[in-house]
Amino acid sequence: GVPFEGNGIDFNYVATPSTMKNLRVVGCDFANMTQPFINGGNNPTATTVQGDIEILNNHVVYVTSGASSNANGIYLTQSTGNILIEGNVIENAPYHGIFISPSPTTNGNAGFMSEDALNNANVIVRNNSVITPKRDAIKIDSPYGNTVITGNTIEKSGNYGIRVDRFNSAWTPSVTIT
């Protein structure tokens, strides 16, 4: 239930190597945002989250001008556990509303998750409202494990409402969209 103004939660660049065990962000208000409200990292040598991630019932509103042009509402990479994103409202994201991808490689392309995550992890994006993102409302790169995208409301997405891409032939994810 913590109120945030302008910037959210960033565990992107910390001492290397670094690992965080489990992450829960529940019932917070993020107002006048200019950066991702959850920034899970795009540095392949920085923090990883080993364990579960839960982002539940948060309300996020971006400024109408002046935000970073590539700020995703939720930006998660480098996680190795289950991910549950449920009941959030994200308004006016400057880039993607919700973006989940395995750890990037040094050239920025999607990389590989740990064997644990490949076999056991579930990614659930459920009952969120994503309103007027500039790009995709929900984007999942290189899905792994079981990916379920269900019950979401998307209004006026700039590109795609839901985009799932970069399937890795070595993985056999199941993807369900309802």
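Residues numbered from 1 in each chain as written. Predicted model: local features only at pLDDT ≥ 70, side-chain atom pairs only at ≥ 80, totals over all residues. Heavy atoms only, no water.

*Asks:* I keep staring at the pairing of strand β16 (residues 138-141) and nothing clicks. Help me out?
*Replies:* Residues in a regular strand project their side chains so that they alternate between the two faces of the sheet. What you see with β16 is no split at all: Ile138 and Ile140 on one side and Lys139 and Asp141 on the other are buried throughout. Direction of pairing for β16 relative to strand β19 (residues 162-165): parallel, over a ladder of four bridges. By the bridge assignment, aspartate 141 is partnered in β19 with aspartate 165. (Buried < 20%, exposed > 50% of the residue type's maximum accessible area, 1.4 Å probe, protein only. Helix = DSSP H or I, 4+ residues; strand = E, 2+ residues; numbered from the N terminus. Pairing = 2+ DSSP bridges.)

*Asks:* Hey, could you run me through the side chain of aspartate 136 in this one?
*Replies:* With respect to the element layout, aspartate 136 can be found in the loop between β15 (129-131) and β16. A relative accessible area of 0% means that aspartate 136 is categorised as buried. In terms of polar contacts, aspartate 136 uses its side chain to reach the backbone amide nitrogen of tyrosine 160, at 3.0 Å. Those residues in contact with aspartate 136 that sit more than four places away from it in its chain are Tyr95, His96, Gly97, Ser157, Asn159, Tyr160 and Arg163. (Polar contact = N/O pair within 3.5 Å; in protein donor to acceptor, adjacent residues only side chain to side chain. Contact = heavy atoms within 4.5 Å.)

*Asks:* Would you mind going over the sheet that holds strand β5 (residues 29-33) with me for this structure?
*Replies:* Sheet strands pair by backbone hydrogen bonding; their relative direction is either parallel or antiparallel. Spatially, the six strands line up as an open sheet ordered β1-β5-β9-β12-β15-β18, and their pairing is parallel. Edge strands, defined here as strands with exactly one partner in the open sheet, are β1 (3-5) and β18 (153-155). Each neighbouring strand pair of the sheet contributes to a mean axis angle of 5°, computed without reference to strand direction. As paired strands, strand β12 (residues 89-91) and β15 are joined by three bridges and run parallel to one another. Among the inter-strand pairings, isoleucine 90 is bridged to a residue of β15, identified as valine 130. (Axes fitted to C-alpha atoms, helices over the stretch in contact; angles between N-to-C directions.)

*Asks:* What is the right way to read the sheet that holds strand β4 (residues 23-26) from this model?
*Replies:* Reading across from one edge, β4-β8-β11-β14-β17-β20 is the order of the six strands in this open sheet, with parallel pairing throughout. Sheet topology places β4 and β20 (174-177) at the edges, where each strand pairs with a single neighbour. Averaged over all adjacent pairs, the angle separating strand axes in this sheet is 5°, with direction ignored. With five bridges joining them, strand β14 (residues 122-126) and strand β17 (residues 146-150) adopt parallel strand pairing. Residue pairing in the sheet places valine 123 in a bridge with threonine 147 of β17.

*Asks:* For this particular structure, what's the right way to read unusual backbone geometry?
*Replies:* Excluding glycine, residues mostly carry a negative phi; peptide bonds, for their part, are mostly trans. Positive phi outside glycine occurs at asparagine 57, with the angle close to 55°. Relative to the assigned elements, asparagine 57 resides in the loop between β8 (53-56) and β9 (59-62). With a phi close to 55°, lysine 156 is a non-glycine residue in the positive phi region. Note that lysine 156 resides in the loop between β18 and β19. We classify lysine 156 as exposed; its relative accessible area is 70%.

*Asks:* What exactly am I supposed to notice about the confidence of the model for the protein here?
*Replies:* Parts of the prediction with low pLDDT should not have their coordinates interpreted in detail. In this model, the protein carries an average pLDDT of 78, and 71% of its residues clear a pLDDT of 70 or more. By mean pLDDT, the top-scoring element of the protein is β15 (97), and the lowest-scoring one is helix α1 (residues 115-120) (52). Segment residues 106-112 is flagged for pLDDT under 50; beyond a separation of four residues in sequence, or across chains, it makes 19 contacts in the model. (pLDDT = per-residue confidence, 0-100.)

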